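Structural overview
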Amino acid sequence: MEFSRRDTLALGLGAVALTVLPFQVSAAADDAIASFTGGADMADTGLTLTAPEIAENGNTVPVSVDAPGAVSIMVLATGNPTPDVATFNFGPLAAEQSASTRIRLAGTQDVVAIAKMADGTFARASQAVKVTIGGCGG
Amino acid sequence: MASGVKPRVKVPKTAAAGEAITIKTLISHKMESGQRKDKEGNKIPRSIINRFTVEFNGESVIDATLEPAISTNPYIQFEAIVPEAGEFKFTWYDDDGDVYDQSKKIAIG
Amino acid sequence: MNIKAMTAVAVVLLAPTFAYADADDDTMVLNEDISMVTKTAAPAHLSDALDEVMSGWHFRSDETQAMQLDDFDNPGMIFVEKGMETWAKVDGSEGKSCQSCHDDIDSMAGVKATYPKWNEAAGEVRTLQMQMNDCRENQMGAKAWGYDKGAAINMEAALSSVSRGMPVNVATDGPAQSTWEMGKELYYARTGQLELSCANCHEDSYGLMIRADHLSQGQINGFPTYRLKNAKLNGVHSRFKGCVRDTRAETYKPGSKEFVALEMYVASRGNGLSVEGPSVRN
């Protein structure tokens, strides 16, 4: 594979941009997590978050959460101007502690979900979602 | 009332007693985030569905808090147990105080 | 990090994007019922340029594709329902609804597949929206709808929805031929400061990336289309306008004779594909 000087430069800049682009987890997201968990530790297992690796448009991104035995699951978009997305509270007639919805992402970022289990413990899952910019904007 | 709001739900007509079923819901709503500006540069005020609840014969299935990051025409899918014949009640709460609801009966069979 | 290493990183990071650009081989079954034709041999008039015509559905991600497979998941169906309500609603001085003359909207199955088409009495090629407005003004005594505006798009989507699965079949000969040829000329004419024709992107370059997006063949069998970008139904002429604007040209207006001709020509490039509208695109 051969690259011209110009290609190399463009690709190099692309790599730099990609490493910088993902938004940092905001202080607001940290606050939201702290108020949901009360600062408790979060397990890495017990909660599945499903979101596309690449979203074709940030306006409508399908996400699903599933945490058997949870009483509630909070979803956060850590790179949005306000990170809150939704909190699902499951009643006794929920067959599974799972839900799917469609969300808005302001840019490439981590989507985070936190589940509160019936025994008072917490679990956390996150997924990086790349939000692509359109071709023409037309 | 926000204009053009219409709730839709998809529930099977029958289920076995104790069966888990998938329910899909969608309400046509702008979900104005409060982040956008109009042509004159003024902020368009937030106007969203902020809560969605589902009950079956008076008992809770799901109660969701929704934020402006939920897409236009909010779509929510979840799983419910049907212990007996009865009625699902779906309720959406609008920022402007309006409440939209819809009911669906389900038979055991 | 030296330039070579950075390049290597970039190649690794970009590699999945390239692989992702081609049209996929998924099959579309609507509502677990209707098998849709989304790839087929190009119509004879196009055989010099393309072997196969493909729906824009093949150029979308799995998530976007899935939204179109079930009428409940497809947000475009919200607008179809609105159109169907309008179908049965009396409007105008004559006390008629669409239904007064045409019965149930299901009886219109197949109509969308043939438009734009020649109207003998009027001596012109008409799009479906033009025909709808003819009905409104001359049969119902109602006001014409604005081109590609909400009410017109909702009705066009409702009419399209009852034709889904039927093959696009736009006649290119007979008295309509001169309009079709005008559309073809517009399709291949470069416009704007960027000097791009429809064909440069959608015939010569489909399957490639334009910035972070895939170029499709620009087929319109899925219109009106619900775009994730603006969360509403979009009309063909509005899409044309967006494309022409992006070549940095002054655009024709939705409903203009140029766009009517272009719609006719582009629709005929998809002859044989299933009617999909309302489709879901990004």
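Higher on the page you've got the structure.
Residues numbered from 1 in each chain as written. Chains lettered and ligands numbered in written order. Predicted model: local features only at pLDDT ≥ 70, side-chain atom pairs only at ≥ 80, totals over all residues. Heavy atoms only, no water.

1. Section: the pattern of salt bridges
Overall, the coordinates contain 21 salt bridges over all chains when judged by the stated rule. Across the salt bridge formed by Lys6(B) and Glu81(C), the nearest N and O atoms sit 2.8 Å from each other. Here Lys6(B) is found in strand E1 (residues 6–10), whereas its partner Glu81(C) is found in helix H3 (residues 76–87) on a different chain. On the basis of relative accessibility, which here comes to 33%, the residue Lys6(B) falls in the partly exposed class. (Salt bridge = Lys/Arg side-chain N within 4 Å of Asp/Glu carboxyl O. Helix = DSSP H or I, 4+ residues; strand = E, 2+ residues; numbered from the N terminus. Buried < 20%, exposed > 50% of the residue type's maximum accessible area, 1.4 Å probe, protein only.)

2. Considering the sheet that holds strand E4 (residues 61–66) of chain A
Strands sit in the order E2(A)-E4(A)-E7(A)-E6(B)-E3(B)-E1(B) across an open sheet of six strands; the sheet is antiparallel. The two strands at the open ends of the sheet, each matched to only one other strand, are strand E2 (48–50) of chain A together with E1 of chain B. Strand after strand, the sheet turns through a mean of 20° between neighbouring axes, direction not considered. Sheet topology places E2(A) next to E4(A); three bridges connect them, and they run antiparallel. For Thr48(A), the partnering residue across the bridge sits in E4(A) and is Asp66(A). Relative to E1(B), H3(C) is tilted by about 115°, and along the sheet it contacts E1 and strand E3 (19–28) of chain B. (Pairing = 2+ DSSP bridges. Axes fitted to C-alpha atoms, helices over the stretch in contact; angles between N-to-C directions. Contact = heavy atoms within 4.5 Å.)

3. Details of helix H10 (residues 236–246) of chain C
Residues and elements named next belong to chain C. The complete set of buried residues in H10 reads Val236, His237, Phe240, Gly242 and Val244. Buried-residue contacts for H10 involve strand E10 (232–234) and helix H11 (257–269). Of the residues trailing H10, arginine 248 is marked for its positive phi of about 65°.

4. Digging into the environment of Ala123(A)
Residues and elements named next belong to chain A. Within the fold, alanine 123 resides in strand E9 (residues 122–131). The buried category is assigned to alanine 123, whose relative accessible area is 1%. Every residue in contact with alanine 123, bar those within four places of it in the chain, is listed here: Met42, Ala43, Thr45, Leu47, Ala113, Ile114, Ala115 and Met117.

5. Re empty space enclosed by the protein
Residues and elements named next belong to chain C. Counted according to the given criterion, the structure contains five cavities of 30 Å³ or more. A volume near 120 Å³ is recorded for the largest cavity. Lining the largest cavity are 13 residues, with Lys112, Tyr115, Val168, Ile220 and Ala267 sitting closest to its centre. Breaking the lining of the largest cavity down by element, the ones donating at least two residues are helix H5 (111–114) and H11. Taken together, the residues that form the lining of the largest cavity break down as eight nonpolar, three polar and two charged. (1 Å grid on protein atoms, 1.4 Å probe; cavity = no way out; pocket = protein on both sides within 12 Å on 5 of 7 lines; lining within 4 Å. Points joined across faces, edges and corners; volume = space filled by probe spheres on them. Nonpolar A, V, L, I, M, F, W, Y, C, P; charged D, E, K, R; others polar.)

6. Some details on the interface of chain B and chain A
If you look at the interface, chain B gives 29 residues, while chain A gives 26 residues. Inspection of the chain B/chain A interface yields zero salt bridges. Where chain B packs against chain A, one counts 18 residue pairs in polar contact (both at pLDDT 80 or more). Secondary-structure elements contributing two or more residues to the side of chain B that touches chain A are E3, strand E5 (59–66) and strand E6 (75–82) of chain B. Broken down by element, the residue count for the side of chain B that touches chain A peaks at eight residues, all from E5(B). A per-class count over the side of chain B that touches chain A returns 17 nonpolar, seven polar and five charged. Sheet topology places strand E6 (residues 84–90) of chain A next to E5(B); five bridges connect them, and they run antiparallel. Across the sheet, residue Phe88(A) finds its bridge partner in E5(B), namely Ala64(B). (Polar contact = N/O pair within 3.5 Å; in protein donor to acceptor, adjacent residues only side chain to side chain.)

7. Focus on the sheet that holds E10(C)
Residues and elements named next belong to chain C. Here we have three strands laid out as an open sheet, ordered E10-E9-E11, and mixed in their pairing. Edge positions in the sheet fall to E10 and strand E11 (279–281), since each of these pairs with one other strand and no more. Averaged over all adjacent pairs, the angle separating strand axes in this sheet is 40°, with direction ignored. Of the strand pairs in this sheet, strand E9 (residues 225–227) and E10 are connected by three bridges, and their pairing is antiparallel. Bridge pairing in E10 places threonine 225 opposite asparagine 234.

8. Description of the state of the cysteines
Residue and element names in this part refer to chain C. Considering all chains together, one arrives at zero disulfides over all chains under this definition. No disulfide involves cysteine 198; its sulfur sits 7.0 Å from that of cysteine 243, the nearest cysteine. A relative accessible area of 24% places cysteine 198 in the partly exposed class. Classification of cysteine 243 as partly exposed rests on a relative accessible area of 28%. (Disulfide = S-S within 2.5 Å.)

9. Describing the side chain of Asn234(C)
All names here are of chain C. Checked against the element boundaries, asparagine 234 lands in strand E10. Classification of asparagine 234 as buried rests on a relative accessible area of 11%. At 2.7 Å, the side chain of asparagine 234 and the side chain of asparagine 230 are in polar contact. A polar contact is formed between the side chain of asparagine 234 and the backbone oxygen of lysine 232, at a distance of 2.8 Å.

10. Describing a positive patch on the surface
A contiguous patch of positive charge on the surface is contributed by Lys149(C), Lys232(C), Lys241(C) and Lys253(C). Looking at the secondary structure, you find Lys253(C) in the loop between H10 and H11. (Patch = residues over 30% accessible without salt bridge, like charges linked within 9 Å, V, L, I, M, F, W, Y side chains within 5 Å. Areas by Shrake-Rupley, 256 points an atom, 1.4 Å probe, with all protein chains shown as cover. Lys, Arg positive; Asp, Glu negative; His and termini not counted. Charge placed at Lys NZ, Arg CZ, Asp CG, Glu CD.)

11. Focus: the nonpolar core
Phe88(A), Phe88(B) and Phe90(B) are the most contacted members of the largest nonpolar core, which totals 57 residues. If we ignore the near neighbours within four places in the chain, the residues touching Phe90(B) are Val9(B), Val11(B), Ile23(B), Thr25(B), Phe52(B), Thr53(B), Val54(B), Phe78(B), Tyr100(B), Asp101(B), Gln102(B) and Lys104(B). (Core = buried A, V, L, I, M, F, W, Y, C linked by side-chain atoms within 4.5 Å.)

12. Notes on the packing of aromatic side chains
In the structure shown here, the tally under the stated rule is 13 aromatic pairs over all chains. With a centroid separation of 6.0 Å and an interplanar angle of 70°, the aromatic rings of Phe36(A) and Phe122(A) are classed as edge-to-face. Residue Phe36(A) is found in helix H2 (residues 27–37), and its partner Phe122(A) is found in strand E9; the two are separated by 86 residues along the sequence. For the pair Phe36(A) and Phe122(A), a shared accessibility class is recorded, and that class is buried. Taking 5.7 Å as the distance between ring centres and 80° as the angle between the ring planes, the aromatic pair formed by Tyr252(C) and Phe259(C) counts as edge-to-face. Note on Tyr252(C): relative accessible area 33%, which makes it partly exposed. What links up through ring pairs into an aromatic cluster is the set Phe52(B), Phe56(B), Phe78(B), Phe88(B), Phe90(B) and Trp92(B). The cationic tip of Arg102(A) hangs over the ring face of Tyr75(B); the distance from NZ or CZ to the ring centre is 4.0 Å. Taking NZ or CZ as reference, Arg8(B) lies 5.0 Å from the ring centre of Phe72(C), over its face. (Phe/Tyr/Trp six-rings, centres within 6.5 Å; stacked < 30°, edge-to-face > 60°. Lys NZ or Arg CZ within 6 Å of the ring centre and 35° of its normal.)

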